[in-house]
Each structure stands twice: as structure tokens, then as C-alpha cells.
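# Tertiary structure, described
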Amino acid sequence: MKWRGWLSRWVPGFPGIILIVVLLTVNIILSGTMISLGSINDLVQVGMPLAVATLGQGLVIIQGGIDLSIGGIMSLANVLIVVLLPTLGFWPALLVAMATSVVAGLINGVVIVYGRVQPLVATLAMSFVASGVALSLLPQPGGSVATGVGVYMGTFLGFSTGIWVLVVLLLLWLVVKRFFGLAIYATGGQEHAAQRNAVNVNRVHLWAYTLSGLIAGLAGLAVTLEIASGDASIGASYVLPSVAAVVLGGTSLAGGSGGLVGPVMAAFALTEVSNVVFSTGVSSYYQTIVSSAVVILGLAVANIVKRRSSLLRQS
Amino acid sequence: MLEVRNLAKTYGAVVAVQDASLALTPGEIHALVGANGSGKSTVIKVLSGVVRPDRGSIRWNGAVINVASPRDARRHGIATAFQDFSLIPTLSSVENCALATRQPAKVVARWLDEALDGLGARFDVWAPVETLTVNHRMVLEFVKALAQNPQVLILDEITAALDQEQVDCLFGRVREQMSRRPVAVLVVTHRLSEVLQYCDRVTVMRDGRTVSEHPVTELSRTRLAELIVGEAEGSGSMDHAGTAPPVGEPHVAELVQVSGRHRVSDVTLAVRRQEVVGVSGLQGQGQDELLSLAALFDHPKKGEIRIHRRAEGESEGGRRTIVPRVSQREIARTVGYVSGDRAHRGVFYRRSLTDNLFAQAYAMQGMFSWISLSRITRQTREILERLHIQGHPEQRIETLSGGNQQRVIFGRLLLNPFTFVVLDDPTLGVDIHSRRAIHQLIRAHREGGTLVYSSDNDELIELCHRVAVMFEGRIVEEFTDHELTTSTLGHAMLGRTVQGRETR
Amino acid sequence: MVRSWLEGSRETWRAVGFGLILLILLVVVGRLLIPGFSSVRNLMTILTLAVLLFLPSIGQTFVIISGGGGVDLSVGAIMSLAEVVAAQLIDGHNRAVLPAGVFVLALGGLVGLINAVGIWYLDIPPLVMTLGMAGIADGAALVYTNGVPGGAASSVLQFIGTGSVVGVPVLILVGVAALIVSQLILSRTGYGRMLRLVGTNRSSAQAARIPVGAIIIATYVLSGIISAFAGMILLGYTMTSYLDAGSQYQLTSIAAVVVGGTPLLGGDGGIGSTALGALVITLINSIVVSLHIGSGAQELVDGAILLLVLVVYGVFRSGSFSAQWIRGVWASLRLPKTAKGESP
């Protein structure tokens, strides 16, 4: 009886994990080199912004919403750090950027909870606002960031710093899940039933969007450290892939189920797709086609497998 | 002692409760009865903090308490098992109980299996609740409420989808809990036999008011029914179908050695024109699967299902045979279906009466048909008149009471005389008035044959010419005429014949 | 007559009223801020721009009504693809318009069909499936043009996109025709009536023998075809093709539907309200653009106004703007204090 519970909790993360294994294998075959710690560290560095963004997206999706403002907030954090760095120094600039991200997330939450706006459009509007502010502050890409880049690009005990950060974040998630998990899942699973169980759903929503804002800010930090400069439109390309990664990681868009480990794996898998396409040497025009096709096929295969296995269980 | 005094609640222009007062004593099982729309569920919702009343107070031992939210209700030790559930579909049973009791999942897992087992529900407690049957969900909802160890326990039509044995166990558990600590229990039910058998005291509601309170010992079944309806009830309600079984009529539906994917195995059953055939059995003996096979929602794994429709424009002799693999449109023209699970298998909330009535008619006409609004509006008016429902065709269906909603769904049978009608517990949670009206509609269906399942044996005896009893996926016995009694059915449901020998 | 024509639920009506008020308000604001804003010529321009947004929003409305998290993120990409392919096929020749049109509409329908297959048969969430197809369609446009789109609209197409008949831009006529036809499809055909029921409650629809799968598939195919049509029209408007001409419509088409008052949960909503939504969004956009405040501030103001409109609308729509709503907000703001020690 019990192992089934464990299985049902871990199976949702499987597509993401399997996908990354498959893609790494493909890459090894195509590039002819063996997998190394170095190549994993590279992947983590490049995939970090999307992975962190996916973390926030996953949290929001599990509690029954969606956050399209992640990209805008990422850009805003990136621009704020770059613009404020010369006058304030790295840490104060970082602090301002994170505080702004939190506020943006909080506004999302307030608009959704008290303004009764549907999350999709509320966060869409917020993404316009955030990237609008970013664009006003920094109309042309530029600026440079030196502080922290060294640390970020460096390694600790052989693993890239990014991995450690990610591990810390995922552990944090486990803690959150342990104490608030049921409330989060209940709110996403069925809001009015959660209310009947005396869950304060408004508070869950507010916290989730605020946290997602903060996490988007962190993703903005990751992207800043990676490109070491500012770009007011850098975040846009992470929004929809973060949603795709969440779903690919086995977490239902309907909310109330799944986890965050699978989505993070799937985020790296999506990054790895571009690496694979790159090593095959085909035209970059095919890039979007291939990565989109991988998302669709990955989900299709996962769903077919799921259906097969549930049929087997029935008979 | 929990007291409700002079409660009133209106939703927009609709007065749900006008003046309700109620007193619950610890150590007593108190029943709240009344027709649909009499305001019972609103009283329950107020007590559990889901709805705030416009007027009135709730007192605990004389002191006014504020129950403004489910959190407040919990603080005051009020736990409710809701008819429409308070379970999170994506979470497992264990997690749901953990959420409600604020116990760690590990602790819950230790007692949950056993608690469910005692109520005749065995299933994987780690599976998401959305994969469970309605029966299992109801048991879980009850166990979850009880596990909160409440001072006031409210059971809102929780027995509707349970079989007799389970209901027995359920009230046994309630009594057991009461012996340990003085719990005040409030039960809402449509089944009068439950009130008489298990409850101590009963409050009757009518048209938004609590009209009277009685000790159960002073009441008879008929008296109780009279109180609910507010008039002397005719005594003929327990009669048979009234008409003689149609002997010479042709078969409209035939199931030949049909086996399904889950429970149903080797079932042979035929329904004649003008005949009403019932299906009975304990929970989970394959009735739901049999009905879904007969209604052509599923394909059988083995065996054959044939439905014979009179071909259009042809005389009595010309017939067309429908099998499961025919087009949806063809099935839509032939098979009518009404389920007691209104929210999921019947009613379209937020849509007009017209759309609810014409849903299957649209399907019959196909995607490319042109719909004349004036024609369907006119027809809706006619049907509403025949059903004695006050309403405008454009009115949204949720503005009607549950019983009237169900009658509108039955209106589909008036709109199109289906050859074969499948009814899945059609009066589940429906008040006496509407139930009677629905029974008349079923009897009046002379164009085709009817297959009906009901969780209430009395209803089958009242409606059917013939009742087949299922046990472990098979039909173990069929009863007609004078053999058709509560006791014969009860015996057969347990897998025994009347003589008491095992049939397996 | 009018009532049955714009038939819809009470919420939709409230939304229409709200949209009209908003519309008038925006025109007044525009007039105050920008000289010559309310001139007939300027309003006609805004209307034509609104039609360009309205066309893809029609398909979006159908998809959103179909429920089950239905949303079509591929409308913009299909528009781009259709525009690029049509431009290359037509290349200024009037006689090529019809065959190219048929081909392009079929292409849009095909993308829609693939969407539908993924969503209905493979259980892929619509958001992700249509997003994936958007990526594929965008990529296909890149590959097809090799990064350098060529070709041009012909004179007929240009006339549709930019010409006018007795002072009325042809595009506006196209928009009105599209409004009438699609509203008739929604309210007077078996498909339209069933679509609403499917969007309201899928399992009840199945129980009533409504062919749910066929309806869903038809809806996505329809949306694909409509988007391709919009792409053709867009080509007529811009005359030459750009690679991601349609991408701006990917999310604004959803915003148009929602601002029009159609909730994303399916079942409700109508084409008329979507037209209003498209008009409101275009008006906001034109006002902000005419302010000449730089692209960043433009986007910022755009988003802020959209947010404001949605909040005001969200509070009003639920009919909840009342003393009770304020009490409720107040109560839940205060809750964390009283709920101490009881955290889940």
C-alpha cells in the first residue's frame, strides 16, 4: 500500500528526469565526448535562469494560478542591478532589485485576490508594467557587472556555485512543503473545498505570488551574473518556457498536484535541447522548431505511458 | 447545547431561509428534514461557516458565538460532512484527513485504513481522491469529519450514495463516538426510514421555516411524510408500477452475455417496450458499469448489446438496430439518459433552461444544423408548462431547486420519445414532490423501454415491473410482481437466494 | 430582437455595459490629452487597428469558450506564418490571391488540427500545446523564408487592407462582417450551442451525447483558419511581409477576450464583447502611443491601465463591489493576526 503512495508522488517528476537523461545521452553520442563534471557545470550555469524561473512558476501553478510576469520581473531585476551598481555598489543594488521584485509579486497577489482578476491576464499586465519600467530605465542594452560573476562562475567542491544555490532553494521548497504544503496543494486542488477545510486561501495566493516575485528576482540575478550586463528584454524569453518546463516536469497546469524537482530537471532538459541542436550543427532556424517539438513529444510520450500504465493497473 | 435562533438568509431576490430555529442537544442525533428548497442546506452552510446569515444568532450553551468562516466553525468544534464534499480531488485520502485534522500524514495513515474498512470501503488511501467512486468519497468525507473529534457533527445527506449496510455501520460509528464524548449530531436526509431508525429527534422545515420539532418515537412514516409535504399524503405511494407488465411488446434493448472491463460479467438482460426494468444491488457490484454499458457510453469487452429503434417513417414492423459502435448522433436519437449525479452527468449550470433541455437535441441535429431560437424557446415553454415548472426559458437553471432542475433534465424525455431510456438513480437527493412528479414521467414513458438503477429499493418496487439484482458483477436473481418486496431484494443483494443458500 | 441577437448571460451584459462606459471614457480622455484625437479620420484609423486585433481574437474567443483551460497561443504565430507564406505566393499578382488564400487557410487549419490532436487525444494542456505549435510555426516561417521574407500583397489585398468604400475603410466592413458571421455561428448553429455546453460542463455534455471531441477539434481548427485569414488581412494592411508581424497578437488577443468580459473558465462570453475588448485595448494603445513618452514608459502605462481596467472590472463583474466586499477585504487583511497558532 505504502510504496504506491511514494510512487504516485515521485512519478510526476519522471518525465523531466528521463528527458534530461535522454538528452544528455544524445549529446554524448553526437558530440563524441564523455560526460564530465565540467559539462554539467556548464549546463547548470546556462540553464540556471530558466531553472530558477521554473521554480517560481511551479509554485504558483501548484497553488492554482500562473505567473506570466516572471520574465518582466527578471528583466527589471537585471536592469536595476546594472543601473544602480555604479552609484550604490553591488549589494545595495541587489537589495533594491530583490525588494522591487517582491513588491511586483505582491501587487500580482493583491490584484488577483482582491481585484478578482484572472491570474493569466493580471500577471500579463504586470509583465508589461515591469518590462516597461525596465525599458525606461535602460532603453539600450549595456552596462556591466563584475562583482559576484567570479563567484557565480566559480565552483565549490567541484560543483558550480549554481548547483549549490539550486540545492538550497529545493531544500527550502521541501521545508515549505512540509509545513504549508497541504494548504498550497489544497488551494490549487479545489479552492472552495480548501476553504471548507479552514485553509486561508487568500493568504496562500498572496504568499505564492509574492514568493514567485522574489524567485523571479533571483532568476534575474542569475541571468545578470551570466551575461554580466543589462538588457531590458532579457526576461521575455523565459516566461513561456518556464510554463512548459513545469508541465514537462509532470506538474499539472490545473494545480494541486506534482512537485518542483521534475520541473527544474525539465528546465535543464530544455536548455540541453539547444546544446544538442547546436552540436548537430543544423541551422539556428530549426532551433525553435526542435525545442517546441521536444516539449510536445515529451508530453505526448509521458501521457501515453501514463495512460498505458493506468490501463494495466485496471485490468 | 447548540441553538440556532431566527435565522434568515436571502440570495439576491431568492429567500432561502425565512425563519429557522433549531436546538441540538449533546448526546442526541437530531434530524433536519424537508423538501428540496426548504432551506435545509442553507442552515447547514450557516452552521459550518460557509455562508453568513442576514439575521439570527447561533448560541453555544446560551452564549452567542460568531461563525463567520469555516475557521470559526472549527474553533467552536463544529465539523461538517458535506453532501457536495469538502475533499481536495488532487490530494490522497490520507492527505485530505491530515489537512482536516491538522495531524501529520504518518499519523493519519495509521488509523485511516481501519476506519474506512469498518464502513465497508476498501481502497488505496494514497490514491488521489478524484480517482475514488462517489461511495468511497462519501465514506471518506464522513470519516474525515468524525476524525476532527467535534462537539457538533453535521452530516449533510451523506448517506445518499451509501447502501443499507454502510448506513448501519455509519450510525453505529456515530453512536460509538457519542458514547465516548457527548457530541451533538445533526443529520440531513431525504430517506425517512433513516430518520425513524437512527435519529432521536426531528425538526421539519418547509418553505424556509422550521415548522415543528418532534421526538422520533412519536412519529410514523406517513405522519413524517405529511409533515414534510405539508398535506396529507395519498396512501398509494408504495404501489407497483400500476400497469400490468407488457407481455407481447417487442424488445427494445437486449444485452446478451455482456462482460465489461471492470466488474460486469456475463449479464443477459432484455427490456421490452413500455417495460420498466430495475437494477438493484449493494454498492460496487457493477450496477454503474452495467448502466453505462446499456446506455452505450462504454463498449462491452465481451457479448453483444442491441437496441432496436423503430425506423423513421416506417410502420410498426420496420426496425433499425443500434449497436455500441454506431455514430454518436444515432445514439443520441435512440437512447435517453438521466443520472442522479446532476452536477456531473446532467445539469449545465450557468446555462439557460432551454440549453439544458435541448442539449441532447442539439447533438441529434449535429454540428452543422441551424437552430431556430424562436422554435426552441416556444418548445421550452411548452415543456415547462407540462412539467408544472414556473420559469422563463432564458432563466439560468441554477435558479431552480434541485428537484426542479432534475425535472427539467427529465423534460428531455418529453422532447424526444427515446426508444430506450437509462436512469441512474434518477431521484437521488430529490424531494418528495419532485420525486412523485418524476415517477409519473417515468411511468408515462410509453414509447420505449426503461432501465433504472436506484440506491433506494422502495423506489424500485414502486416503479418497476421487474427488478434484477446484481452481486459481484452478475445478475443473481430477477423478481417480478408479488415476489418483488423489500425483503426478497434485501436477501438477494447479499448474494443469497430467498431460501438462504449461496448463489455463487 | 436585440436581446436575442446579443444573447448572453447577465455577467456578459454587465461586461458589455462596462465596456461601453470604458470606451466612452477612453475617447474623452484621448480628446482631452491629444489634439485631433476624436477626429473622424483618427477614429477610423483606430477602428481599423482594432479590427486587426479583433480578427484573431474571434478564434481565441471560441477556444476560450470551449473550456478545459482552453487558450490558443498559436494565433500570433499562425498569423505571421500565413502572412509570410501568402506574401511569397502572391508576390503582387492578383490572380494568385485566391489559390494562395486557400492554401494559407488550409495551413492555418492544419496547425489548428495538430493543436487539437495534441490537446484532445494526447491530453497536453492547451496552453503548452498551442505554445509549442507557435514555436514550430514561427520556426517554419523562418525556414520557409530563410530569414529574409519576400513578396508583397497584390492590389486587391491592399484594397482590403487599406482602401475604403464611401469613406469607410474596407477593414471595418470586414470586421463587421466577421462579427456578424461568427456571432451567428456561436448562437444559431448546433456547433455554437454545443460549444457553450461543452465549455460549461464536459461530463454533462458527454452524458447528453454531445460529441465533445469533435467540437473541441473543430474549435481549434476554426481558430487556426481564422488566424490564417487574419494573417492575410494583415498582409493587405502592411503590404509587405515581416517575420513576426503576428507575434504581438499572441497575448493581446487573450487580453481582448478577457477585457471584453469573457472569463477564462469557459462556457460564457460572446463575440460582441470580444469586439468591445479589442476596441478598448486598441484605444488604450493609441492614446499611449500618441503621448510620445518613449517605448518603455509606453509599455509601462499600457500595462498599468490594463491592470487597472481588469481590477475595476473584476470587482464590478462579480457584483461584489459593495460594503460587504470592503468588509471582506478588510477581514482577510486582518486574518493573519487572529489565526495565530492555527496555521495549516
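One can find the structure itself at the top, above this paragraph.
First things first, this report covers the structure right here in the doc. (Residues numbered from 1 in each chain as written. Chains lettered and ligands numbered in written order. Predicted model: local features only at pLDDT ≥ 70, side-chain atom pairs only at ≥ 80, totals over all residues. Heavy atoms only, no water.)

## Overview of the side chain of R309(B)
Looking at the element boundaries, R309(B) is found in strand 14 (residues 302–310). For R309(B), the side chain forms a polar contact with the side chain of T334(B), separated by 3.2 Å. (Helix = DSSP H or I, 4+ residues; strand = E, 2+ residues; numbered from the N terminus. Polar contact = N/O pair within 3.5 Å; in protein donor to acceptor, adjacent residues only side chain to side chain.)

## Observations concerning the interface of chain B and chain C
With 37 residues of chain B at the interface, the matching set in chain C holds 37 residues. When the buried area of chain B at its contact with chain C is split by residue, F348(B), R351(B) and M367(B) rank highest and sum to 21% of it. Our enumeration of links across chain B and chain C arrives at three salt bridges. The residue D268(C) makes a salt bridge to R350(B) at a minimum N-O spacing of 2.5 Å. Put simply, chain B and chain C have 17 residue pairs in polar contact (both at pLDDT 80 or more) between them. Taken together, the elements giving at least two residues each to the side of chain B that touches chain C come down to helix 2 (70–75), helix 10 (328–334), strand 16 (335–339), helix 11 (342–345), helix 12 (353–365) and helix 13 (373–386) of chain B. (Contact = heavy atoms within 4.5 Å. Buried area = accessible area lost by both parts, 1.4 Å probe. Salt bridge = Lys/Arg side-chain N within 4 Å of Asp/Glu carboxyl O.)

## As for empty space enclosed by the protein
Evaluation of the coordinates by the stated rule reveals five cavities of 30 Å³ or more. For the largest cavity, the calculated volume is near 140 Å³. Lining of the largest cavity is provided by 14 residues; of these, R196(A), I78(B), A79(B), T80(B) and Q148(B) occupy positions nearest its centre. Of all the elements in the fold, those that place two or more residues in the lining of the largest cavity are helix 2 and strand 6 (78–81) of chain B. A breakdown of the residues in the lining of the largest cavity according to their chemical character gives six nonpolar, five polar and three charged. (1 Å grid on protein atoms, 1.4 Å probe; cavity = no way out; pocket = protein on both sides within 12 Å on 5 of 7 lines; lining within 4 Å. Points joined across faces, edges and corners; volume = space filled by probe spheres on them. Nonpolar A, V, L, I, M, F, W, Y, C, P; charged D, E, K, R; others polar.)

## Observations concerning the interface of chain C and chain A
With 54 residues of chain C at the contact, the number on the chain A side is 46 residues. There are zero salt bridges connecting chain C and chain A. At the surface where chain C touches chain A, the tally comes to five residue pairs in polar contact (both at pLDDT 80 or more). When contributions to the side of chain C that touches chain A are tallied by element, the ones reaching two or more residues are helix 6 (126–145), helix 12 (249–259), helix 14 (295–317) and helix 15 (323–338) of chain C. Take the side of chain C that touches chain A: its biggest share by element is 14 residues, from helix 14 of chain C. For the side of chain C that touches chain A, the class distribution of residues is 36 nonpolar, 15 polar and three charged.

## Thoughts on the packing of aromatic side chains
In this structure the tally under the stated criterion is five aromatic pairs over all chains. Centre to centre, the rings of F90(A) and W91(A) are 5.1 Å apart; their planes meet at 80°, and the pair counts as edge-to-face. When its relative accessible area of 10% is taken as the criterion, F90(A) is described as buried. Under the relative-accessibility criterion, W91(A) is labelled exposed at 62%. Ring centres of F171(B) and Y198(B) lie 4.3 Å apart, and the angle between their planes is 5°; this geometry places the pair in the stacked category. Placement of F171(B) in helix 6 (residues 164–180) and of Y198(B) in helix 7 (residues 192–198) is noted, with a sequence separation of 27 residues between them. Assigned by exposure class, F171(B) and Y198(B) land together as buried. The ring of F297(B) has R345(B) sitting right over it, with the charged end atom 5.0 Å from the ring centre. Here the basic side chain of R209(C) rests over the ring of F297(B), its NZ or CZ set 4.0 Å away from the ring centre. (Phe/Tyr/Trp six-rings, centres within 6.5 Å; stacked < 30°, edge-to-face > 60°. Buried < 20%, exposed > 50% of the residue type's maximum accessible area, 1.4 Å probe, protein only. Lys NZ or Arg CZ within 6 Å of the ring centre and 35° of its normal.)

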